Amino acid sequence: MQMPALTLQDYRRLAQERMERPVWDFFEGGAGEEHTLAANERAFDRVRLRPTVLRPAAGPDTTCKILGRTWAAPIGVAPMAFHTLAHPDGELATVRAAAARGLPVTVSTFAGRACEELAAAAAGAPLWLQLYCFRDRSVTRRLIERAERAGAEALVLTVDAPRLGRRLRDVRNDFRLPPHIVPANLDGGGFSSPAAHARAELDPSLDWSAVPWLRSVTSLPVLVKGVLTAPDALRAVEAGVDGIIVSNHGGRQLDGVPATLEALPEIAAAVRGACPVLIDGGIRRGRDVLACLALGADAALVGRPVLHGLAAGGEDGVGGVLDILLEELQDAMTLTGTRSLADILPDLVRTGEPW
């Protein structure tokens, strides 16, 4: 009899058993020698929590408000392409599981399910659209308009991908998408090699003028994803963004950049509350979410573990991953004497040597 999955690592093992090797490498791999990929998780291994005792915190309040919308917890699903590689239901299962728990999903430009069915499945929970800017801006504009009509509530512009990073696992595998796996919200073809398509279609000249251009074609809030330094965070604020996501693309773009948790404090200090600051990369436990909040984030986005849950058990698997994170966050808050998110201050954490 198979033991139940009790941690996100359990779901990772289950997913690896079910995925073919090239697909596993596509999801799990990083750029270059994968130093940054590993650093994202190792950064959390250096965190030490500092509890406050004899401070009742039973049933801590995990709700938060981001861009005017209440989330059940400061946890969302990060954008990832082609969930349909992990399970036939793809993003549809992911959105249903997250919405049932009052949590948001950011849908990738390269989602395998249509915006309209995902918006219907969200059942009122926040749904954001992640954007790449294409050389042909009309392609980007049509995608925005389609998502906006469907009910998307914000746009997340990925700013760290003028080209895709060199992902050696995919190069070695000569990775190709199966013929039935295509981006459901884009027209045209040539998608079988994600790396080749990106080289041909993504705009390498993207600069800060993209933010006012997005403002000219939509009324939706605009966040930028891929910021790793305080100067870029200040440029984003000056450009008028509605939010910043501290991200190194899950270690998949430039190897050797900092772990996102390492970059977070200087960015949060520079922004000083001018807009929400979110983070992704390496979050594998509820206490990791608590550490992100203590170091200045308003919420954390979870990536690969969601795909692990999806591969392991479809909608139920995604739900299992999110339930573990929610329960672990509540445990960590209770046991540190943290009654609400407002109680989470920088002195809650210290950093030391990895466990």
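Here, the structure is the one placed above.
Read on for an overview of the structure. Please read these numbers as outputs of a predicted model, since none were measured by experiment.

Here we come to unusual backbone geometry. Note: most peptide bonds trans; most residues except glycine with negative phi. Even without being a glycine, F82 presents a positive backbone phi close to 55°. Turning to its location among the elements, F82 is positioned in the loop between β4 (75-77) and α4 (91-100). When its relative accessible area of 4% is taken as the criterion, F82 is described as buried.

So, about the nonpolar core. In this structure, L85, I244, L261 and I267 are the most contacted members of the largest nonpolar core, which totals 123 residues. If you tally residues by element for this core, the top one is helix α13 (residues 304-335), at 14 residues. Setting aside chain neighbours within four positions, we find L261 in contact with A43, F44, V47, I279, C292 and L295.

Attention now goes to the packing of α4 against helix α5 (residues 115-122). At their nearest, the axes of α4 and α5 sit 8 Å apart, and the two run at 20° to each other. Here α4 lies roughly parallel to α5, going by the angle between them. For the pair α4 and α5, the crossing hand works out as right-handed. Facing E91, L92, V95, R96 and A99 of α4, the residues of α5 in contact are E117, L118, A121 and A122.

Before going further, it helps to examine a positive patch on the surface. A surface patch of positive charge is lined by R163, R166, R172 and R199. Tracing the backbone through its elements, the reader meets R166 in the loop between β7 (154-158) and α7 (168-173). Since its relative accessible area comes to 59%, R166 is described here as exposed.

Next up on the list: the packing of aromatic side chains. Under the criterion given, the structure shown has six aromatic pairs. The interplanar angle of 35° and the centroid separation of 6.0 Å between the aromatic rings of F82 and F110 together place this pair among those described as tilted. Within this pair, whereas F82 is found in the loop between β4 and α4, its partner F110 is found in the loop between β5 (105-107) and α5, the two being separated by 28 residues in sequence. One exposure class covers both F82 and F110, and it is buried. Relative to F134, the ring of F110 has its centre 6.4 Å away and its plane inclined at 70°; by these criteria the two rings are edge-to-face. Linking F110 in the loop between β5 and α5 with F134 in the loop between β6 (127-131) and α6 (137-150), this pair joins segments that are 24 residues apart in sequence. F110 sits in the buried class, given a relative accessible area of 11%. On the basis of relative accessible area, F134 is assigned to the buried category, the value being 3%.

Here we take up helix α12 (residues 286-294). Within α12, eight of the nine residues are buried, which leaves the element mostly enclosed by the surrounding structure. Among the residues of α12, G286, D288, V289, L290, A291, C292, L293 and A294 are the ones counted as buried. Phi turns positive, to about 120°, at G296, one or two residues after α12.

Among the structural elements, D203 can be located in the loop between α8 (194-201) and α9 (210-217). By relative accessible area, which is 11% here, D203 ends up buried. At 2.6 Å, the side chain of D203 forms a polar contact with the side chain of S205.

Moving on to the packing of α6 against α9. At their nearest, the axes of α6 and α9 sit 11 Å apart, and the two run at 50° to each other. The angle between α6 and α9 falls in the class oblique. Crossing geometry of α6 relative to α9 is assigned as right-handed. On the side of α6, the interface is formed by R137, T140, R141, I144 and E148, while α9 contributes W213, L214 and V217. Among the residues making up the contact of α6 with α9, the classes are represented as four nonpolar, one polar and three charged.

As a further point, take the pairing of strand β10 (residues 277-280). Residues V277 and I279 point to one face of β10 and L278 and D280 to the other, with burial holding for every one of them. Two elements, strand β9 (residues 243-246) and β10, share three bridges in a ladder whose sense is parallel. Across the sheet, residue I245 finds its bridge partner in β10, namely L278. At this point the chain moves from β9, through helix α11 (residues 260-271), to the parallel β10, and the crossover so formed is right-handed. Bridging between β10 and strand β11 (residues 299-302) involves three bridges; their strand directions are parallel. Paired with L278 across the two strands is A299, which belongs to β11. A crossover links β10 with its parallel partner β11, the connecting element being α12, and its sense is right-handed.

Turning our attention to the pattern of salt bridges. For the structure on display, the rule yields 21 salt bridges. The salt bridge partner of R284 is E41, with a shortest N-O separation of 3.5 Å. In this pair, R284 is assigned in the loop between β10 and α12 and E41 in helix α3 (residues 35-45), connecting sequence segments 243 residues apart. Of the residues examined, E41 reaches a relative accessible area of 35% and is grouped as partly exposed. D323 is paired through a salt bridge with R101; the nearest N and O atoms lie 2.6 Å apart. One end of the pair, D323, is in helix α13; the other, R101, is in the loop between α4 and β5, with 222 residues separating them in the sequence. For R101, a relative accessible area of 25% corresponds to the partly exposed category. By sharing partners, the salt bridges in this structure join R21, D25, E34 and R169 into a single network.

Procedures and definitions
- Residues numbered from 1 in each chain as written.
- Predicted model: local features only at pLDDT ≥ 70, side-chain atom pairs only at ≥ 80, totals over all residues.
- Heavy atoms only, no water.
- Helix = DSSP H or I, 4+ residues; strand = E, 2+ residues; numbered from the N terminus.
- Buried < 20%, exposed > 50% of the residue type's maximum accessible area, 1.4 Å probe, protein only.
- Core = buried A, V, L, I, M, F, W, Y, C linked by side-chain atoms within 4.5 Å.
- Contact = heavy atoms within 4.5 Å.
- Axes fitted to C-alpha atoms, helices over the stretch in contact; angles between N-to-C directions.
- Parallel < 35°, antiparallel > 145°, perpendicular 65-115°, else oblique.
- Left-handed = near helix turned anticlockwise from the far one by under 90°.
- Patch = residues over 30% accessible without salt bridge, like charges linked within 9 Å, V, L, I, M, F, W, Y side chains within 5 Å.
- Areas by Shrake-Rupley, 256 points an atom, 1.4 Å probe, with all protein chains shown as cover.
- Salt bridge = Lys/Arg side-chain N within 4 Å of Asp/Glu carboxyl O.
- Lys, Arg positive; Asp, Glu negative; His and termini not counted.
- Charge placed at Lys NZ, Arg CZ, Asp CG, Glu CD.
- Phe/Tyr/Trp six-rings, centres within 6.5 Å; stacked < 30°, edge-to-face > 60°.
- Polar contact = N/O pair within 3.5 Å; in protein donor to acceptor, adjacent residues only side chain to side chain.
- Nonpolar A, V, L, I, M, F, W, Y, C, P; charged D, E, K, R; others polar.
- Pairing = 2+ DSSP bridges.
- Right-handed = clockwise from strand over helix to strand, strands pointing away.

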